[in-house]
Amino acid sequence: MNAATPGGTSPEPDLLDAGQLSGDPELAAGFAVAAHRILAELVRGGAPLGWTDPPPAEEVAELVERVLRAARAGDGALRAAYAGRRLVGLGYWLRYARPTSRQHADLEKLAVAHGAHGRGVGRSLTAALVGDAREAGIEVLTLDARADNTRALALYRSLGFREYGRLPDFVAMGGRRYDKVFYMLDFRGSGQPGRPEQPEQPERA
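Residues numbered from 1 in each chain as written. Predicted model: local features only at pLDDT ≥ 70, side-chain atom pairs only at ≥ 80, totals over all residues. Heavy atoms only, no water.

Peer 1: I'd love a proper account of the pairing of strand S5 (residues 105–112), names of residues and values included.
Peer 2: The element S5 is extensively covered by neighbouring structure, given that 8 of its 8 residues are classed as buried. In this sheet, S5 lies alongside strand S4 (residues 86–95) in antiparallel orientation, the contact comprising 7 bridges. Its bridge partner being in S5, Leu94 is matched across the sheet by Asp106. As paired elements, S5 and strand S6 (residues 140–146) share 2 bridges and run parallel to each other. Paired with Ala105 across the bridge in S6 is Leu141. For the crossover that starts at S5, traverses helix H4 (residues 121–135) and ends in the parallel S6, the hand is right-handed. (Buried < 20%, exposed > 50% of the residue type's maximum accessible area, 1.4 Å probe, protein only. Helix = DSSP H or I, 4+ residues; strand = E, 2+ residues; numbered from the N terminus. Pairing = 2+ DSSP bridges. Right-handed = clockwise from strand over helix to strand, strands pointing away.)

Peer 1: So, the pairing of strand S8 (residues 176–186): which residues are in play, and what are the values?
Peer 2: Most of S8 sits inside the fold, with 8 of its 11 residues counted as buried. Two elements, S6 and S8, share 7 bridges in a ladder whose sense is antiparallel. Counted as the bridge partner of Leu143 is Tyr183 from S8. Inspection of the sheet shows strand S7 (residues 162–173) paired to S8 by 8 bridges, in the antiparallel sense. Bridged to Met173 within S8 is Arg176. Between the antiparallel neighbours S7 and S8 lie 2 residues, among them Gly174 with a positive phi of about 60 degrees.

Peer 1: Tell me about the nonpolar core, and name the residues and values.
Peer 2: Counting 29 residues, the largest nonpolar core has Phe31, Leu49, Leu78, Tyr82 and Leu87 as the members making the most contacts within it. Those elements that provide at least two residues to this core are helix H1 (18–22), helix H2 (25–44), helix H3 (57–72), strand S3 (76–83) and S4. When residues of this core are assigned to their parent elements, the largest contribution, 8 residues, is made by H2. In terms of nonpolar packing, the next biggest core, distinct from the first, is built from 27 residues, Val88, Ala105, Ala133 and Leu155 among them. (Core = buried A, V, L, I, M, F, W, Y, C linked by side-chain atoms within 4.5 Å.)

Peer 1: Pulling in residues and values, what's your account of the packing of aromatic side chains?
Peer 2: Applying the stated rule across the entire model yields 2 aromatic pairs. Seen in terms of ring centroids, Tyr156 and Phe161 are 5.9 Å apart; in terms of plane orientation they differ by 65 degrees. Their pairing is edge-to-face. Like Tyr156, the residue Phe161 is buried in the burial classification. Directly above the aromatic system of Trp51 lies the positively charged group of Lys109, at a separation of 4.5 Å from the ring centroid. (Phe/Tyr/Trp six-rings, centres within 6.5 Å; stacked < 30°, edge-to-face > 60°. Lys NZ or Arg CZ within 6 Å of the ring centre and 35° of its normal.)

Peer 1: If you had to explain the environment of Asp148 to someone new, which residues and values would you point to?
Peer 2: Note on placement: Asp148 falls in the loop between S6 and helix H5 (150–158). Between the alpha carbons of Asp148 and Val181 there is a distance of 9.5 Å; along the sequence they are 33 residues apart. At 2.7 Å, the side chain of Asp148 and the side chain of Arg146 are in polar contact. (Polar contact = N/O pair within 3.5 Å; in protein donor to acceptor, adjacent residues only side chain to side chain.)

Peer 1: Account for the pattern of salt bridges, with residues named and values stated.
Peer 2: Should their charged atoms come close, side chains of opposite charge can pair. By the definition in use, this model includes 11 salt bridges. Residues Arg95 and Asp75 are paired through a salt bridge, measuring 3.8 Å at the closest nitrogen-oxygen approach. In this pair, Arg95 is assigned in strand S4 and Asp75 in the loop between H3 and S3, connecting sequence segments 20 residues apart. Of the charged contacts, one joins Glu163 and Arg166 as a salt bridge, the two residues approaching to 3.0 Å between their closest N and O atoms. Looking at Glu163, the relative accessible area reads 35%, which means it is partly exposed. Taking relative accessible area as the criterion, Arg166 reaches 38% and is therefore assigned partly exposed. Each of Asp24, Glu26 and Arg85 takes part in a single network of salt bridges with overlapping partners. (Salt bridge = Lys/Arg side-chain N within 4 Å of Asp/Glu carboxyl O.)

Peer 1: Requested: an account of H2, with residues and values cited.
Peer 2: If you check H2, its first and last C-alpha atoms are 29 Å apart, about what 20 residues at 1.5 Å a residue would give, namely 28 Å. The sharpest bend along H2 comes to roughly 45 degrees, located at Phe31. Taken together, the buried positions of H2 are Leu27, Phe31, Ala34, Ala35, Ile38, Leu39, Ala40, Leu42 and Val43. The inward-facing, buried residues of H2 contact strand S2 (14–17), H1, H3, S3, S4 and S5. Backbone geometry just after H2 places Gly46 at a positive phi near 95 degrees. (Expected span 1.5 Å × (residues − 1). Bend = angle between axes of the 7 residues up to and from the residue. Contact = heavy atoms within 4.5 Å.)

See the structure below:
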């Protein structure tokens, strides 16, 4: 997963799942545009979201549609954070595509608008997505992040994720190199290192 830095604690926004979002025609119609605005602004500011330049609106719209289809099919979950009627954050996970790994899922993106940092939006989104994964029967929820994204990594650890590996100097950004860090949250039992088999790294498009 590529994650923008989540914020701290303060009044929580409304967190809509894919069904609730689709059930509000006005929000649903404007979601892709609002998501693009957040993602483009974050990438422009250097956020580690997997793009070197702000993504085109069409690419984000296609991503949103793919995630919503997956959520409707039980193969993913989307959460959208709203302050009133304004989108301030979003995140999603998707099941692994490989048939032998479909009992697991990857938390692929988590993004919080600049103006909403410090309000606990990132924590709320992540906790909701973890709850969705548990309810969906996901066995292991994974994510990956850039090693310098220390605030996000600290948040994930506080929610029970643990590191299971890293690739040194794997991410190239702005002429610099960063480790790619892999985290996991094991719902199968103790989740202690060395007991469950480590999950495969996610397949990327």
